[in-house]
Amino acid sequence: MYIPGKVLKLVFMFALCNTTFAQNKITISGFIRDAGSGEALIGANIAIKGTNKGTASNEYGFYSLSIPEGEFSIIFRYIGYETIEKVVDLSEKYTLNIELQPVAVEGEEIVVTAMQEDKNVKSLEMSVATLDMRAIPKVPVVLGEGDILKSIQLLPGVTTGRENASGFNVRGGATDQNLILLDESPIYNSAHLLGFFSIFNSDAIKDVQLYKGGIPAQYGGRLSSVLDVRQNEGNNKSFHGAGGLGLISSRLLLEGPIQKDRGSFLIAGRRSYGDLLLKAANVLHDNSVYFYDLNFKGNWAIGTKNHFYASGYLGEDKLQMGESFTNAWGNDAVTLRWNHLFSDQLFSNFSGIFSDYQYSLDMFHRGLNWEAHIVNYNLKSDFSWYINDRHQLDFGAGMLYYEFQPGQITPIDDSSVQETILDKKFALEPALYLSNNHKISNKLSMQYGLRFTSFLRLGEQTIYQYENDAPILYNPDLGIHSNGVVVDSTAYLPGDIIKSFLGFEPRFSTRYTLNEQSCVKFSYNRTRQYIHLISNNTSPTPLDMWTPSGPYIEPQIADQFAIGYFRNFDNNVYESSLELYYKSMQNQLDYVDGADLVLNNNLETEILAGEGRAYGAEVYFKKNKGKLTGWLSYTLSRTERRVPGISADDPGINAGEFYPSNYDKTHDLSITFIFELKKGWSLSGNFVYASGTPTTYPASKYEFSGLILPQYEDRNQQRLPAYHRLDIGATMYDKLGGDWVFSIYNVYNRKNAYAVQFEQNPDEPTKTQAVKTYVFGIVPSISYSFQF
């Protein structure tokens, strides 16, 4: 492709120039690991004492820094570990591997933590949060088990449409606009038990980063955010285990060396046992609900320049309601990776990734089984070139293949249901990216990059052509939409290109340092998303339909601008930030009134395309050290959609005017604290307040055939009552190294509305009454975690 070729040529010339500037410098490089387990430490800080030069370790613990010849003191730091200072006399390239010793840190950082104390003001990143896995179990959540997704919902800019919803929303984006990665493998449904738990077993997770804005060029495929989750590698020093017992589920983890200091393994499993208890008690024996998941990872080093990893995840949920239906869904993912050092300045990673999200539904009363899959195959390569102390060039390429299997319907037993297979859909998404971290001066740094993607919708499939190229029509007399008129069809063979798209995604971030304690940051990114979740639910369900862009569905495109002020206080004990953002989104899909989305082979006949916008302010204040630690986050925001009609007679949705999205929340406040006591106890708590989410109440009613029916008008013009709750928890540390966690979710038993429905009063049929549905009242819980 001509344009990307020119870009790469310019970059190559640029790199040659910078290499010339770096000729008189010496490179020191190596890996930083945990001395107790051999785990790579992500984001460890490497600083040259007495200078402003430094760097941080990457996702595999590797660092590289080019400095002038001479004798220097190099400081290696990582939160929760002893600081090491090494004196080196550099006259030639030097390899220095470091193992940092963990230490007990009183008042350790809580849930959102920087890998270095002053990262809030020193890092170029903005709109990025890193979770501290050691502290997540202390944060009280429903049913007591520490949860990654519940923790990130306490951050500014992150919301959820309803209590216990299975997805999350970032800066006005829909739930399908979050790229969720587990060891680089995409996860399409991140929830167990319809939102009670996330699929992430905290015992097996090492690092979690959430990018809300300023998304690096290496990430693509979703509009709004990236949740990058990395599993532990396994202890390569000695054998260890960990686990936990809760009211709903239990878990166990085993890890140890394959060969000491060279390779290791990890395997972790969880299972809920509510179904087993119900059967044992002979209660609701025809109903069942449970989940299980399994994490595994192994790694092996060959010499000093090659490291191989194999990791994966298997998980499934099952919900059975007597003889009515059985619903099952789950994710399978496998990632193979090869790290290779071409030189002490050029680090590479090559990945092969497979994922399969499957969901099924047995409807016994109708005699049918429905099974669907989304299968991904992905090959990618990533390179980091540490040119000198002012430039780091990241570049790479990827090839992602999609296979959508939206549904195969088969009869159960002797049912008269005819076997039906909905059209499979295939697509290919190649990508190239290039990014430069550029330290212009001691005060000014930039990260600028470009991502190029294309999307090829492939056969085999038959595509309908509609009269006037209109898959959906509007009848102004009846005020309803209907399917377009099919006039022809085209049968595409396997591998034929049905439709193609391509586009550039510029990424830019900058930081200007005001002083040692404060800075301002700005970011812009364009993102493109070629797949769509078609749903008429506020939060995703296992039965929602995913579909790729194609002849009648354009790719989603978003542009986001953000600016922020960042300030630390009292020697980095406190940190704060204020960020403003604006996001515009193109080709946002919404369903027409009365849409039939389930088992629909032609979704283009049920949806309209529009635009979206989201803007707001985020305030974040955190105390990092001391007996009392915690944070406050507040978001003031607005999220809107506008879906015009398909013709002058068609009013579209809400008469073609902007309306609040299903997950819009004007105010969102979270306060979290952890208080460390001396006698082996810690106390914790959350307070959450949020505006009610938009809903549509009936504007009037009418009688038809003796029934009183509601009449709805504009969409999402009313709101549910405000949401608020208080959670408290206490953690007791026993002498065996275990933790008892006691928590109470929703202490004052607030019955927050999940939905409000209107129905006839059974005693007075002419009157309509509102009925509130809620999920949780007060929920006490207890769990125990152990290590051996």
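Residues numbered from 1 in each chain as written. Predicted model: local features only at pLDDT ≥ 70, side-chain atom pairs only at ≥ 80, totals over all residues. Heavy atoms only, no water.

Structural notes on the overall build of the protein
Right, so step 1: Counting secondary structure elements, the protein contains four helices and 53 strands.
Right, so step 2: Expected size for 788 residues packed as a compact globule is a radius of gyration near 28 Å; at 27 Å, the protein falls within 12% of this value.
Right, so step 3: On the principal axes, the C-alpha backbone points of the protein span a range of 90 × 65 × 50 Å.
Right, so step 4: The proportion of buried residues among the 788 residues of the protein is 56%.
Right, so step 5: Accessible surface computed for the protein: about 33400 Å², of which carbon and sulfur atoms make up 57%.
Right, so step 6: The positive charge centre, built from 68 side chains, and the negative charge centre, built from 86, are 9 Å apart in the protein. (Helix = DSSP H or I, 4+ residues; strand = E, 2+ residues; numbered from the N terminus. Rg over C-alpha atoms; globule rule 2.2 N^0.38 Å. Buried < 20%, exposed > 50% of the residue type's maximum accessible area, 1.4 Å probe, protein only. Areas by Shrake-Rupley, 256 points an atom, 1.4 Å probe, with all protein chains shown as cover. Lys, Arg positive; Asp, Glu negative; His and termini not counted. Charge placed at Lys NZ, Arg CZ, Asp CG, Glu CD.)

Description of the pairing of strand 28 (residues 425–439)
Right, so step 1: Extensive coverage of strand 28 is indicated by the burial of 11 of its 15 residues.
Right, so step 2: The pairing of strand 26 (residues 391–411) with strand 28 spans 14 bridges and is antiparallel. The partner of Gln392 across the bridge, within strand 28, is Asn437.
Right, so step 3: Where strand 28 meets strand 29 (residues 444–458), 12 bridges bridge the pair, whose relative direction is antiparallel. (Pairing = 2+ DSSP bridges.)

A look at the domain arrangement of the protein
Right, so step 1: Under the domain assignment, the protein is made up of domain 1 (4–100) and domain 2 (119–787).
Right, so step 2: Using only C-alpha atoms to locate each centre, domain 1 and domain 2 end up separated by 34 Å.
Right, so step 3: Residue-level contacts link 33 residues of domain 1 with 38 residues of domain 2.
Right, so step 4: Summed over both partners, the interface of domain 1 with domain 2 comes to about 3100 Å²; 53% of that surface belongs to carbon and sulfur atoms.
Right, so step 5: When residues of domain 1 are sorted by the area they lose upon contact with domain 2, Glu39, Tyr60 and Phe62 head the list and together hold 20% of the total.
Right, so step 6: On inspection of domain 1 and its partner domain 2, the count reaches five salt bridges.
Right, so step 7: Of the charged contacts, one joins Asp389 and Lys53 as a salt bridge, the two residues approaching to 2.6 Å between their closest N and O atoms.
Right, so step 8: The interface formed by domain 1 and domain 2 includes 14 residue pairs in polar contact (both at pLDDT 80 or more).
Right, so step 9: For the side of domain 1 that touches domain 2, the secondary-structure elements that each account for two or more residues are helix 1 (2–21), strand 1 (25–34) and strand 4 (62–68).
Right, so step 10: Broken down by element, the side of domain 1 that touches domain 2 gets its largest block of residues, seven residues, from helix 1.
Right, so step 11: Classifying every residue of the side of domain 1 that touches domain 2 gives 14 nonpolar, 12 polar and seven charged. (Domains from an automatic or database assignment. Contact = heavy atoms within 4.5 Å. Buried area = accessible area lost by both parts, 1.4 Å probe. Salt bridge = Lys/Arg side-chain N within 4 Å of Asp/Glu carboxyl O. Polar contact = N/O pair within 3.5 Å; in protein donor to acceptor, adjacent residues only side chain to side chain. Nonpolar A, V, L, I, M, F, W, Y, C, P; charged D, E, K, R; others polar.)

Considerations on the nonpolar core
Right, so step 1: With 36 residues, the main nonpolar core has Tyr188, Trp370, Tyr402 and Trp546 as its most contacted residues.
Right, so step 2: When residues of this core are traced back to their parent elements, those giving at least two are strand 24 (346–363), strand 25 (368–386), strand 26, strand 36 (531–534), strand 37 (545–548) and strand 40 (607–623).
Right, so step 3: By size, the runner-up hydrophobic cluster in this structure holds 22 residues, among which are Leu131, Ile148, Ile152 and Ile199. (Core = buried A, V, L, I, M, F, W, Y, C linked by side-chain atoms within 4.5 Å.)

Structural notes on the sheet that holds strand 16 (residues 205–211)
Right, so step 1: Here we have five strands laid out as an open sheet, ordered 9-16-17-12-13, and mixed in their pairing. Of all the strands in the sheet, just strand 9 (128–131) and strand 13 (185–186) have a single pairing partner and so form its edges.

Some thoughts on empty space enclosed by the protein
Right, so step 1: Scanning the entire structure with this criterion turns up 13 cavities of 30 Å³ or more.
Right, so step 2: Each pocket or cavity is described by its volume, and for the second largest cavity that value is around 430 Å³.
Right, so step 3: Forming the boundary of the second largest cavity are 31 residues, of which Gln153, Thr160, Glu163, Tyr723 and Arg725 lie nearest the centre.
Right, so step 4: Contributing elements (two or more residues each) for the lining of the second largest cavity: strand 10 (158–159), strand 44 (681–690) and strand 49 (723–733). (1 Å grid on protein atoms, 1.4 Å probe; cavity = no way out; pocket = protein on both sides within 12 Å on 5 of 7 lines; lining within 4 Å. Points joined across faces, edges and corners; volume = space filled by probe spheres on them.)

Description of the packing of aromatic side chains
Right, so step 1: Tallying each qualifying case throughout the model produces 36 aromatic pairs.
Right, so step 2: Measuring from ring centre to ring centre gives 6.3 Å for Trp681 and Phe742, while their planes differ by 20 degrees; the resulting arrangement is stacked. Placement of the pair is Trp681 in strand 44 and Phe742 in strand 50 (residues 739–745), with a sequence separation of 61 residues.
Right, so step 3: Taking relative accessible area as the criterion, Trp681 reaches 30% and is therefore assigned partly exposed.
Right, so step 4: Residue classification places Phe742 among the partly exposed positions, given a relative accessible area of 30%.
Right, so step 5: The structure contains a cluster of three or more aromatic residues connected by ring pairs, namely Phe31, Tyr60, Phe62, Tyr309, Phe347 and Tyr386.
Right, so step 6: The ring of Tyr309 is capped by Arg337, whose NZ or CZ atom sits 5.6 Å from the centre of that ring. (Phe/Tyr/Trp six-rings, centres within 6.5 Å; stacked < 30°, edge-to-face > 60°. Lys NZ or Arg CZ within 6 Å of the ring centre and 35° of its normal.)

Observations regarding the pattern of salt bridges
Right, so step 1: For the structure on display, the rule yields 32 salt bridges.
Right, so step 2: Note that Glu676 and Lys138 form a salt bridge whose closest N and O atoms lie 2.8 Å from each other. You can see Glu676 sitting in strand 43 (residues 667–676) and its partner Lys138 sitting in the loop between strand 9 and helix 3 (148–152), a full 538 residues away along the chain.
Right, so step 3: Linking Lys622 and Glu575 is a salt bridge whose minimum nitrogen-to-oxygen distance equals 3.9 Å. Placement of Lys622 in strand 40 and of Glu575 in strand 39 (residues 574–591) is noted, with a sequence separation of 47 residues between them.
Right, so step 4: Overall, Lys622 belongs to the buried group, its relative accessible area being 1%.

Here's the deal with a nonpolar patch on the surface
Right, so step 1: Among the surface-exposed residues, Tyr512, Leu514, Val520, Ile563, Tyr565, Phe569, Leu578, Leu580, Val619, Phe621, Leu632 and Ile671 lie close enough to one another that they form a single nonpolar patch of about 940 Å² accessible area.
Right, so step 2: Taken together, the elements giving at least two residues each to the nonpolar patch come down to strand 34 (497–515), strand 38 (556–569), strand 39 and strand 40.
Right, so step 3: Within the secondary structure layout, Phe569 lies in strand 38. (Patch = residues over 30% accessible without salt bridge, like charges linked within 9 Å, V, L, I, M, F, W, Y side chains within 5 Å.)

Points about the sheet that holds strand 2 (residues 45–48)
Right, so step 1: Taken in spatial order, the four strands make up an open sheet running 3-2-5-6, and their pairing is antiparallel. Looking along the sheet, the strands with just one partner apiece sit at the ends: strand 3 (54–56) and strand 6 (84–90). Strand-to-strand twist in this sheet, taken as the mean axis angle between neighbours without regard to direction, amounts to 20 degrees.
Right, so step 2: Relative to strand 5 (residues 70–77), strand 2 runs antiparallel, the two sharing four bridges. (Axes fitted to C-alpha atoms, helices over the stretch in contact; angles between N-to-C directions.)

A closer look at the environment of Lys701
Right, so step 1: Among the structural elements, Lys701 can be located in strand 46 (residues 700–704).
Right, so step 2: Judged by its relative accessible area of 40%, Lys701 falls in the partly exposed class.
Right, so step 3: Residues Lys701 and Tyr712 lie 11 residues apart in sequence; the distance between their C-alpha atoms is 8.5 Å.
Right, so step 4: Non-local contacts of Lys701, meaning those with residues more than four positions away in its chain, are made with Ile708, Leu709, Pro710, Gln711, Thr766, Lys767 and Thr768.

Re unusual backbone geometry
Right, so step 1: Of note, the amide linkage connecting Gly459 to Glu460 takes the cis form, showing an omega dihedral of 25 degrees.
Right, so step 2: By secondary structure assignment, the location of Glu460 is in the loop between strand 29 and strand 30 (461–466).
Right, so step 3: Of note, the phi angle at Asn746 is positive, near 60 degrees, even though the residue is not glycine.
Right, so step 4: Mapped onto the fold, Asn746 is located in the loop between strand 50 and strand 51 (753–760).

With respect to the side chain of Ser73
Right, so step 1: Position of Ser73 relative to the elements: it lies in strand 5.
Right, so step 2: The class for Ser73 is buried, based on a relative accessible area of 18%.
Right, so step 3: Apart from the residues within four sequence positions on either side, Ser73 is in contact with Ala47, Ile48, Lys49, Glu85, Lys86 and Val87.

Description of the pairing of strand 41 (residues 628–642)
Successive residues of a regular strand alternate their side chains across the two faces of the sheet.
Right, so step 1: Alignment of strand 40 against strand 41, held across 13 bridges, turns out to be antiparallel. In the sheet register, Gly612 faces strand 41, and the bridge partner there is Arg641.
Right, so step 2: Here strand 40 hands over to strand 41 after four residues, with Gly626 in that stretch at a positive phi of 105 degrees.
Right, so step 3: Here nine bridges tie strand 41 to strand 43, and the two strands are oriented antiparallel to one another.

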